[in-house]
Amino acid sequence: MSLPSSNDHDYLVRAIRPDDWEQVKQLRLDALRDPVAHLAFLETYENAAAQPDSFWQDRAVRSGEGSTTGRQFIAEAPDGTWAGSVTVLMEEPGTKDWAGAPVERRQGHAAGVFVRPEHRGNGLIEALFEAAVAWAWEQKAERVRLYVHEKNTRAQAAYRKIGFVPSGDVVSFSKDEAETEWEFVLERPA
């Protein structure tokens, strides 16, 4: 899938491959340096940077082409740089989610959403989510969900534009229990 940018360049949106692990690592480290990273990600730059190469290699296998439990999609700019990413992890009924809550139905959980600042505002986030949601539907997900910090209004607006809506589920933010994250969902079309 390609999407024209505001500069008339094409991005290639695709699933990562296991041999992309070095780029997976670099994009994640760059995302963790973003000014709103403290609201958007549960891990810190320091923790991620300290991980051995084997961690990143495993991550690229677990969410790369061929995986049925998770898939990371990236947007590759014409010059080969990665402009953004979203990962969808499949959650199964009868299991517990990242917060320890029971999962009641088969669903995709979008996480790790990041678009580099110079690539924002041109529809790239929509193209990434189009690929990620299509994959979740292929995996027979009944819905796709994500959590967004109460103060991350830029992300909330982007998710609403794509079609996600607040479900009413609110959880404490793991870094500061006085703050909350809101669940946004996109139901599978009938």
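Just so you know, these numbers come straight off a predicted model, no measurement behind them.

Colleague: How should unusual backbone geometry be read in this particular structure?
Modeller: If a residue is not glycine, its phi is most likely negative; likewise, a peptide bond is most likely trans. Notably, Lys140 is not glycine yet its phi reads approximately 70°, a positive angle. On the secondary structure map, Lys140 appears in the loop between α5 (124-138) and β6 (143-149). What makes Lys140 exposed here is its relative accessible area of 60%.

Colleague: What am I meant to see in the pattern of salt bridges here?
Modeller: As enumerated under the stated definition, the model contains 19 salt bridges in all. The salt bridge partner of Glu183 is Arg145, with a shortest N-O separation of 2.9 Å. Here Arg145 lies in strand β6 and Glu183 lies in strand β8 (residues 176-187), a separation of 38 residues in the sequence. Arg145 carries the same exposure label as Glu183, and that label is buried. Connected via shared salt-bridge partners are Glu91, Asp97, Arg143, Arg145 and Glu183.

Colleague: What's the story with helix α6 (residues 153-162) in this structure? I'm lost.
Modeller: Each α-helix winds once per 3.6 residues, and so residues spaced three or four apart point in a common direction. For α6, the full list of buried residues reads Ala155, Gln156 and Tyr159. Buried positions in α6, seen along its axis, are confined to an arc of 100° and lie on one side of it. Away from its buried face, by an angle of more than 90 degrees, α6 presents the exposed residues Thr153 and Lys161. Each element contacted by the buried residues of α6 is listed here: β5 (107-115), α5, β6 and β8. Just downstream of α6 lies Gly163, where phi reads positive at about 120°.

Colleague: Looking at this model, I keep getting lost on the nonpolar core. Mind explaining?
Modeller: Taken as a class, soluble globular proteins show a tendency for nonpolar side chains to be buried jointly. Of all hydrophobic cores here, the largest spans 33 residues; its most connected members are Phe73, Val86, Leu128, Phe129, Leu146, Tyr159 and Phe164. Those elements that place two or more of their residues in this core are β2 (10-15), β3 (70-76), β4 (82-91), β5, α5, β6, α6 and β8. At eleven residues, α5 tops the list of elements feeding residues into this core. For Tyr159, the residues in contact, after removing those within four places along its chain, are Val113, Phe129, Leu146, Val148, Phe164 and Phe184.

Colleague: When you look at the side chain of Asn152 in this model, what are you seeing that I'm missing?
Modeller: Here Asn152 shows up in the loop between β6 and α6. Look past the residues within four positions of Asn152 in its chain and what remains in contact with it is Leu39 and Ala40.

Colleague: Can you help me understand helix α1 (residues 21-31) in this one?
Modeller: Where α1 is concerned, the buried positions are Trp21, Val24, Leu27, Arg28, Leu29, Asp30 and Ala31. Tucked into the core, α1 has its buried residues touching α2 (37-40), α3 (45-49), α4 (53-62), β3, β4 and β5.

Colleague: I'm lost on the environment of Pro35 in this one. Help?
Modeller: Here Pro35 shows up in the loop between α1 and α2. Taking the relative accessible area as the measure of exposure, Pro35 reaches 69% and is therefore exposed. It is 20 Å that separates the C-alpha atoms of Pro35 and Trp182, two residues lying 147 residues apart in sequence.

Colleague: When you look at the packing of aromatic side chains in this model, what are you seeing that I'm missing?
Modeller: When we look at a pair of aromatic rings, we describe it by the centre distance and by the angle of the planes. Applying the stated rule across the entire model yields six aromatic pairs. When the ring of Tyr159 is compared with that of Phe184, the centres are 6.5 Å apart and the planes differ by 65°; the resulting orientation is edge-to-face. Here Tyr159 is found in helix α6, whereas its partner Phe184 is found in strand β8, with 25 residues between them in sequence. Of the residues examined, Tyr159 reaches a relative accessible area of 8% and is grouped as buried. When its relative accessible area of 0% is taken as the criterion, Phe184 is described as buried. By the ring-pair criterion, three or more aromatic residues cluster together here, those being Phe129, Tyr159, Phe164 and Phe184.

Colleague: Mind showing me how you'd approach the packing of α5 against α6 here?
Modeller: Each pair of packed helices can be summarised by the angle the axes make with each other and by the distance between the axes. Two elements in contact, α5 and α6, have axes separated by 10 Å at closest approach and are oriented at 60°. Regarding the angle of α5 to α6, the classification is oblique. Read as a crossing pair, α5 and α6 show a hand that is right-handed. In this structure, α5 uses Ile125, Glu126 and Phe129 to contact α6, whose residues at the interface are Tyr159, Lys161 and Ile162.

Conventions and cut-offs
- Residues numbered from 1 in each chain as written.
- Predicted model: local features only at pLDDT ≥ 70, side-chain atom pairs only at ≥ 80, totals over all residues.
- Heavy atoms only, no water.
- Helix = DSSP H or I, 4+ residues; strand = E, 2+ residues; numbered from the N terminus.
- Buried < 20%, exposed > 50% of the residue type's maximum accessible area, 1.4 Å probe, protein only.
- Salt bridge = Lys/Arg side-chain N within 4 Å of Asp/Glu carboxyl O.
- Arc of directions from axis to C-beta.
- Contact = heavy atoms within 4.5 Å.
- Core = buried A, V, L, I, M, F, W, Y, C linked by side-chain atoms within 4.5 Å.
- Phe/Tyr/Trp six-rings, centres within 6.5 Å; stacked < 30°, edge-to-face > 60°.
- Axes fitted to C-alpha atoms, helices over the stretch in contact; angles between N-to-C directions.
- Parallel < 35°, antiparallel > 145°, perpendicular 65-115°, else oblique.
- Left-handed = near helix turned anticlockwise from the far one by under 90°.

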